[in-house]
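Each chain, written out:
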Amino acid sequence: MATSPKLDAKIPDGPLESKWTKYRSTVPLVNPANKRNIEVIIIGTGLAGASAASTLAELGYKVKAFCFQDSARRAHSIAAQGGINAAKNYQNDGDSVYRLFYDTIKGGDYRAREANVYRLAEVSGNIIDQCVAAGVPFAREYGGLLSNRSFGGTQVQRTFYAAGQTGQQLLLGAYSGLQRQVGAGTVEMYTRHEMLDIVMIDGKCRGIIARNLVTGELERHFGHAVLLCTGGYGNVFYLSTNAMGSNVTAAWKAHRKGAFFGNPCFTQIHPTCIPVSGDHQSKLTLMSESLRNDGRIWVPKKQNDNRPADQIPEDERDYYLERRYPAFGNLVPRDIASRAAKERCDAGYGVGTSKMAVYLDYYAAYERYGKGEVNKRGIHNASHDQILELGKAVVKEKYGNLFDMYKQITGEDPYVVPMRIYPAVHYTMGGLWVDYNLMTTVPGLYALGEANFSDHGANRLGASALMQGLADGYFVIPYTIGAYLANEIRTKSISVDHPAFVEAEKEVRDRITKLLTIKGTKSPEAYHKELGKIMWDKCGMARNEQGLKEAIQEIRALKKEFWSNVKVMGDADEFNPELDKANRVADFIELGELMCMDALDRNESCGGHFREEYQTEEGEAKRDDEGYMYVSAWEYQGDSAWELHKEELNYENIKIAQRSYK
Amino acid sequence: MEGNMNLTLQVWRQKNSRTEGRMESYKLSGISEDMSFLEMFDVLNEQLIVEGKEPVAFDHDCREGICGACSMYINGRPHGPLQGVTTCQLHMRSFKDGDTIVVEPWRAQAFPVIKDLVTDRSSFDRIISAGGFISVNTGNAQDANSIPVPKEDADASFMAAACIGCGACVAACKNASAMLFTSAKISQLALLPQGQAENATRAIKMIAQMDEEGFGACTNTGACAAECPKGISMENIARMNREYFAAEIGTKE
């Protein structure tokens, strides 16, 4: 297979280890005087957006940053729990840039680009340095040095963390840096603003149309370049661990204007989430993967066993991950842990009232930590209860906020009864296709962080999303954007009265008017729920040809109904969350169709994409490297019409193997 | 219907910042005790849409207690009756069948109402912009482990850094003071060796901005810490005052 001529990944020549070092030393620069005249628009203020905004402003560019939330600090990166990976090898346990690179490629089931992933591993250490310097209070050992924990899919301890609130601490660090630039006047911050289209002039992205969500006013903003740092699209499933406002709208508008969408069907179902409790449920809550460090996952050995967990003796429990994958045990990658949970529940071994859950049990950890504490404190003849209490205190320090959250949501005390967990949609590896510079197929338009497709292949390893967001924003885009902007120093700021801005604004206004005038009978929320059900049932944890074909038809019908029967309350010229929601749901519906088409095209199982027709006898994913070792990049060609372009993946430094964690 | 709770809601409705607001009463039935408080509001809004009425606007996003967006003043308390819990993490099992629940927006001069229960908290961002950071440009950093931080200091810094910027402290305070919020950031950075260089200017600038935004002074009532969903301690206010006085006495200008 040959890569489509429309996809030039611009990967630098030379050996893998020196590609980035050489490239960043030779990429064109923009001199400081010219930077002052170059305007960069950044959409989204999560880890990728906030770090890019502050860094580009420090370099001297004129930056405008936009977020739909009321403050940059509320971007959904804030909710990341477990940690951030870096190849520091502080634990002296054999970690290295190469090993992080290797783990990430293997974890992604050999569907990510070597050069991008290697660069990510290379800059990972700089991220930790930067964050510590900026005052991020990572967890530390008694000697005052940084602490590490393990995460799935690896056998070293390379994850840095701040209790179960690592994303919060990293985002607040990046946000502080951003607000510092806002205070200095080098970043203009637009909160409660949503990007509703990009503006194209002479084949280049030259700005955006944004809606002021407080007044409803449509605004035009010029930029020499536009960076989409808008996160993932997991909310296409309605129920996910994403925030309520997380949406695909900015990326989707860019897609409709020419940015190819990469691997849309690669979604990550996270194995450890709090199970659904009823139809009222508005979102799902993650229980950090770090809990699999110390917790053991099990179900009863007997089908439909209704006994409470503490009445099921040890030898009647099936620790199925430890049984199936002895080398990695409870720390297998997410896709594998999720499918294993689904397999047990589908076979009738699930627990809880819904029977769609498995246990995550901390009893062994209480005993283990408790014994450690007894030794540390020199307590002799400690009773078993005393050991358990001491162990619980240790667990509380490590994971206290997560246990509290579980208790709030379920009403059960996880220090007393094992947690019940079930997989839920969490992250999207797919996203806008980008080259090595992080530029999309639209010149001048970039995608960073979860919004792009580039680093995680078909499955992301835990604690790697934070790493990628900050790598892209702090250490990649500040260099790579020079390759484009060095040729833009003669481009004067374009007036927003340019016909292209007028036209783009009119398109946005017409769509808003249309949404408000349908005056049908069903709320945007109701359509979102229906879409989510189709996606979860037919394009979720397991997919097959027939289901995907049905889903495409059902989504097309849903789209038709939406545009003739949606009921959007309120007006255009006011604060109107219903209108915001309707706009987003309309885009999710179109994306859902593309995801199903992509899943249908990929006649193999890899990572998070599990096609039931393609599995081994043991039920493991069966890749087809001959036929599908490519990135799917979809070009929008009109209503329900796309053309597929392929970027061939070449592995020159890693030997392709059947992925095994046994 | 999923549950069997019947409730009366008294909710603050206000079209925008230029118009006057008023309380409106709504009846809800079939509420399940497993619903979160915001999911109960989702049910209310769906019901209002069916009736052709404007749904209630409220801020919310992550719904797992960390983004700090949700901000309801429930039965006279920010984030409702439980301690250490945001509105989104409050569940209906904390209420009982037949209850009347009063829901208002945060009330503070520095948090003007945008619509219904939504307020403008951008004053918090401006306080951070005034000095809530360490001035380190990307690329300046040395190796992370070259700065050892005693575990107790790192832990105390983290406890202060856990603030989610929701504004419950301001809403709870009779003076609408933002001292707990401001002091949490000042403490986080003052407790770390990396933050030392800017301690004096940070305290002076952030406090000046806090005053300029129209937040009140602190009279040590302690309502802020009692209502803080993240358990931010009043010790931070004491530390901020120490930093401030030291800075005022010690500045060279």
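Because the structure is a prediction, the values reported are computed rather than measured.

Draft legend 1. Structural detail: the overall build of chain B. Within chain B, the secondary structure is distributed over eight helices and seven strands. Of all 253 residues assigned to chain B, the portion counted as buried reaches 53%. Partitioning the contacts of chain B with sequence separation of at least 6, the portion at a separation of at least 24 is 72%.

Draft legend 2. Spotlight on the interface of chain B and chain A. Each partner contributes residues to the interface: chain B has 67 residues there, and chain A has 64 residues. Residue assignment for the side of chain B that touches chain A shows that the elements contributing at least two residues are helix H1 (37–50), strand S6 (113–115), helix H2 (122–131), helix H3 (151–161) and helix H5 (179–190) of chain B. Of the residues assigned to the side of chain B that touches chain A, the class counts are 30 nonpolar, 21 polar and 16 charged.

Draft legend 3. Highlighting the sheet that holds strand S1 (residues 5–13) of chain B. Residues and elements named next belong to chain B. One open sheet holds the five strands; their spatial order is S2-S1-S5-S3-S4, and the pairing between them is mixed. At either end of the open sheet lies a strand with only one pairing partner, and these are strand S2 (22–31) and strand S4 (77–78). Of the pairings in the sheet, the one linking strand S3 (residues 73–74) to strand S5 (residues 100–104) comprises two bridges and is antiparallel in character. Directly across from Tyr73, in S5, lies its bridge partner Glu104. Sitting on the sheet, H1 touches S1 and S2, and the angle it makes with S2 is about 100°.

Draft legend 4. A look at the domain arrangement of chain A. Residue and element names in this part refer to chain A. What the domain assignment lists for chain A is domain 1 (270–424) and domain 2 (497–640). Averaged C-alpha coordinates put domain 1 and domain 2 at centres separated by 34 Å. At the interface, six residues of domain 1 touch five residues of domain 2. Take the side of domain 1 that touches domain 2: its biggest share by element is five residues, from helix H10 (residues 334–346). Of the residues belonging to the side of domain 1 that touches domain 2, the class tally is one nonpolar, one polar and four charged.

Draft legend 5. Up close: helix H4 (residues 97–107) of chain A. Residue and element names in this part refer to chain A. Regarding H4, the residues found buried are Leu100, Phe101, Asp103, Thr104, Ile105, Lys106 and Gly107. Of the surrounding elements, those touching the buried residues of H4 are strand S3 (84–85) and helix H5 (114–133). Immediately beyond the C-terminal end of H4, within one or two residues, lies Asp109, with a positive phi of roughly 55°.

Draft legend 6. Spatial organisation of the sheet that holds strand S5 (residues 187–190) of chain A. All names here are of chain A. With parallel pairing, the five strands of this open sheet are ordered in space as S5-S2-S1-S9-S17. Because the sheet does not close on itself, it has two edges, and the strands there are S5 and strand S17 (445–447). On average, each strand axis in the sheet is tilted by 20° relative to the strand beside it, whichever way the strands run. The pairing of strand S2 (residues 62–66) with S5 spans four bridges and is parallel. Within S5, the position partnered with Phe66 by the bridge is Tyr190.

Draft legend 7. Representation of the nonpolar core within the structure. Residue and element names in this part refer to chain A. Membership of the largest hydrophobic core comes to 293 residues, with the highest contact counts inside it found for Leu227, Leu228, Val358 and Leu432. The dominant element in this core, judged by the number of residues it contributes, is helix H18 (residues 577–601), at twelve residues. Apart from residues lying up to four places away in sequence, Val358 is in contact with Ile297, Trp298, Val299, Ala341, Arg344, Cys345, Gly350, Val351, Ile421 and Tyr422.

Draft legend 8. Inspection of the confidence of the model for chain B at higher detail. Averaged over all residues, the pLDDT of chain B is 96; the fraction at 70 or higher stands at 98%. Predicted as a complex, the structure gets a pTM of 0.97 and an ipTM equal to 0.98.

Draft legend 9. Focus on the domain arrangement of chain B. Residues and elements named next belong to chain B. When cut into domains, chain B gives domain 1 (5–115) and domain 2 (122–250). Computed over C-alpha atoms only, the centres of domain 1 and domain 2 are separated by 29 Å. Taken together, the contact between domain 1 and domain 2 spans 18 residues of the former and 16 residues of the latter. When the residues that make up the side of domain 1 that touches domain 2 are grouped by side-chain class, the tally is nine nonpolar, seven polar and two charged.

Draft legend 10. Seen up close, the environment of Thr186 of chain A. All names here are of chain A. The residue Thr186 is located in the loop between helix H6 (166–184) and S5 in this model. Separated by 269 residues in the primary sequence, Thr186 and Asp455 have C-alpha atoms spaced 30 Å apart. Excluding its chain neighbours within four sequence positions, the residues that come into contact with Thr186 are Ala57, Val63 and Gln181.

Draft legend 11. View of the environment of Gly183 of chain A. With respect to the element layout, Gly183 of chain A can be found in helix H6. Contacts of Gly183 of chain A, omitting those with residues within four sequence positions, involve Ser129 and Ala130 of chain B.

Draft legend 12. Structural context of unusual backbone geometry. You will see that Ala463 of chain A, though not glycine, has its phi angle at about 70°, which is positive. With respect to the helices and strands, Ala463 of chain A occurs in the loop between S17 and helix H13 (465–480). In this structure, His79 of chain B is a non-glycine residue whose phi angle is positive, near 65°. Relative to the helices and strands, His79 of chain B is located in the loop between S4 and S5.

Draft legend 13. Inspection of helix H6 (residues 199–212) of chain B at higher detail. All names here are of chain B. Along its 14 residues, H6 runs 20 Å from first to last C-alpha, staying within 8% of the 20 Å computed at 1.5 Å per residue. Check the buried side of H6 and you find it contacts H2, H5 and helix H8 (235–250). Of the residues flanking the end of H6, it is Gly214, one or two places downstream, whose phi is positive at about 95°.

Draft legend 14. Representation of the pairing of strand S19 (residues 642–648) of chain A. All names here are of chain A. Inspection of the sheet shows strand S18 (residues 630–636) paired to S19 by seven bridges, in the antiparallel sense. Bridge assignment links Val631 to a residue of S19, and that residue is Glu647. If you look at the hairpin formed by S18 and S19, you'll find five residues sitting between the two strands, and Gly638 has a positive phi there, around 120°.

Draft legend 15. Representation of the packing of H2 of chain B against H6 of chain B in the model. All names here are of chain B. Between H2 and H6, the shortest axis-to-axis distance is 8 Å and the interhelical angle comes to 155°. Our classification of the angle between H2 and H6 gives roughly antiparallel. As H2 packs across H6, the resulting crossing turns out to be right-handed. Contacts between H2 and H6 involve Arg126, Ile127, Ala130 and Gly131 from the first element and Thr201, Arg202, Lys205, Met206, Ala208, Gln209 and Met210 from the second. Of the residues that constitute the contact of H2 with H6, the class distribution is five nonpolar, three polar and three charged.

Draft legend 16. Geometry of the packing of helix H15 (residues 499–518) of chain A against H18 of chain A. Residue and element names in this part refer to chain A. Close contact between H15 and H18 brings their axes to 11 Å; oriented N to C, the two are set at 110°. Put simply, H15 runs roughly perpendicular to H18. When H15 is examined against H18, the residues Ile512, Leu515 and Leu516 are found in contact with a partner set consisting of Leu579, Ala582 and Asn583. Residue composition of the contact of H15 with H18, grouped by class: five nonpolar, one polar and no charged.

Draft legend 17. View of the environment of Val568 of chain A. Position of Val568 of chain A among the secondary structure elements: in the loop between helix H17 (545–565) and H18. Beyond its immediate sequence surroundings of up to four residues, Val568 of chain A is in contact with Leu515, Leu516, Pro524, Glu578, Leu579 and Ala582 of chain A.

Draft legend 18. Layout of the pairing of strand S14 (residues 358–361) of chain A. Residues and elements named next belong to chain A. Where burial is concerned, the two faces of S14 agree: the one with Val358 and Leu360 and the one with Tyr359 and Asp361 are both buried. Where strand S12 (residues 296–300) lies against S14, three bridges are found, and the strand directions are antiparallel. Residue Trp298 lies in a different strand from S14, and its bridge partner there is Tyr359. Two strands pair when backbone bridges link them, and S14 and strand S15 (residues 419–428) are joined in this way by three bridges, in the antiparallel orientation. Pairing of Val358 across the sheet is with Ile421, part of S15.

Criteria and cut-off values
- Residues numbered from 1 in each chain as written.
- Chains lettered and ligands numbered in written order.
- Predicted model: local features only at pLDDT ≥ 70, side-chain atom pairs only at ≥ 80, totals over all residues.
- Helix = DSSP H or I, 4+ residues; strand = E, 2+ residues; numbered from the N terminus.
- Buried ≥ 20, exposed ≤ 12 C-beta atoms within 10 Å, placed from the backbone.
- Contact = placed C-beta atoms within 7 Å.
- Nonpolar A, V, L, I, M, F, W, Y, C, P; charged D, E, K, R; others polar.
- Pairing = 2+ DSSP bridges.
- Axes fitted to C-alpha atoms, helices over the stretch in contact; angles between N-to-C directions.
- Domains from an automatic or database assignment.
- Core = buried A, V, L, I, M, F, W, Y, C linked by C-beta atoms within 7 Å.
- pLDDT = per-residue confidence, 0-100.
- Expected span 1.5 Å × (residues − 1).
- Parallel < 35°, antiparallel > 145°, perpendicular 65-115°, else oblique.
- Left-handed = near helix turned anticlockwise from the far one by under 90°.

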